[in-house]
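Tertiary structure, described
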Amino acid sequence: GKGVEKDEGKAIHHLEEAAIGGHPIARYNLGIQEWKNGHTERAVKHWIIAASQGDNDSLKYLIDDFKRGFVGKEDLAAALRAHQAAVDATK
């Protein structure tokens, strides 16, 4: 917020805690941070987990990264199945 120092390390720590607790948007955001830091494989792993928890944005990133060669066919297929199962479970 305004007048508050940014503490990147603390922000990442809280995202990790939330992700471990099962929060898919935190997991998605960790993937974004890893991608920005050049850790493509770690980013993809975060997005696979988040997509498996029903996160649509992570699924979109995985599809885009599949098209660009960063995600394997089997990993994408498994993420799609898990995403659909998570979505179905919320109906």
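Overview of the structure. Computed from a prediction, not measured in an experiment: that's the story for all the values here. (Residues numbered from 1 in each chain as written. Predicted model: local features only at pLDDT ≥ 70, side-chain atom pairs only at ≥ 80, totals over all residues. Heavy atoms only, no water.)

**Observations regarding the nonpolar core**
Listed in full, the 12 residues of the largest apolar core are Tyr-28, Ile-32, Ala-43, Val-44, Trp-47, Ala-50, Ala-51, Leu-59, Leu-62, Val-71, Leu-76 and Ala-79. For this core, the secondary structure elements donating two or more residues are helix 2 (24-36), helix 3 (40-52), helix 4 (56-67) and helix 5 (73-89). In terms of residue count, helix 3 provides more of this core than any other element does, five residues in total. (Core = buried A, V, L, I, M, F, W, Y, C linked by side-chain atoms within 4.5 Å. Buried < 20%, exposed > 50% of the residue type's maximum accessible area, 1.4 Å probe, protein only. Helix = DSSP H or I, 4+ residues; strand = E, 2+ residues; numbered from the N terminus.)

**Description of the environment of Asp-88**
For Asp-88, the location among the structural elements is in helix 5. Along the sequence, Asp-88 and Glu-41 sit 47 residues apart, while their C-alpha atoms lie 28 Å from each other.

**Some remarks on the packing of helix 4 against helix 5**
Two elements in contact, helix 4 and helix 5, have axes separated by 10 Å at closest approach and are oriented at 160°. In terms of orientation, helix 4 lies roughly antiparallel with respect to helix 5. For the element pair helix 4 and helix 5, the recorded crossing hand is left-handed. Contacts from Asn-56, Leu-59, Leu-62, Ile-63 and Phe-66 of helix 4 reach helix 5 at Lys-73, Leu-76, Ala-79, Leu-80 and His-83. Looking at the contact of helix 4 with helix 5, its residues break down into seven nonpolar, two polar and one charged. (Axes fitted to C-alpha atoms, helices over the stretch in contact; angles between N-to-C directions. Parallel < 35°, antiparallel > 145°, perpendicular 65-115°, else oblique. Left-handed = near helix turned anticlockwise from the far one by under 90°. Contact = heavy atoms within 4.5 Å. Nonpolar A, V, L, I, M, F, W, Y, C, P; charged D, E, K, R; others polar.)

**Side note on the packing of helix 2 against helix 3**
It is at 8 Å that the axes of helix 2 and helix 3 come closest, and there the two elements cross at 165°. Considering the angle they form, helix 2 stands roughly antiparallel to helix 3. The two elements helix 2 and helix 3 cross, and the hand of that crossing is left-handed. Mapping the contact onto sequence places Pro-24, Arg-27, Tyr-28, Leu-30, Gly-31, Ile-32, Glu-34 and Trp-35 in helix 2 and Thr-40, Arg-42, Ala-43, His-46, Trp-47, Ile-49 and Ala-50 in helix 3.

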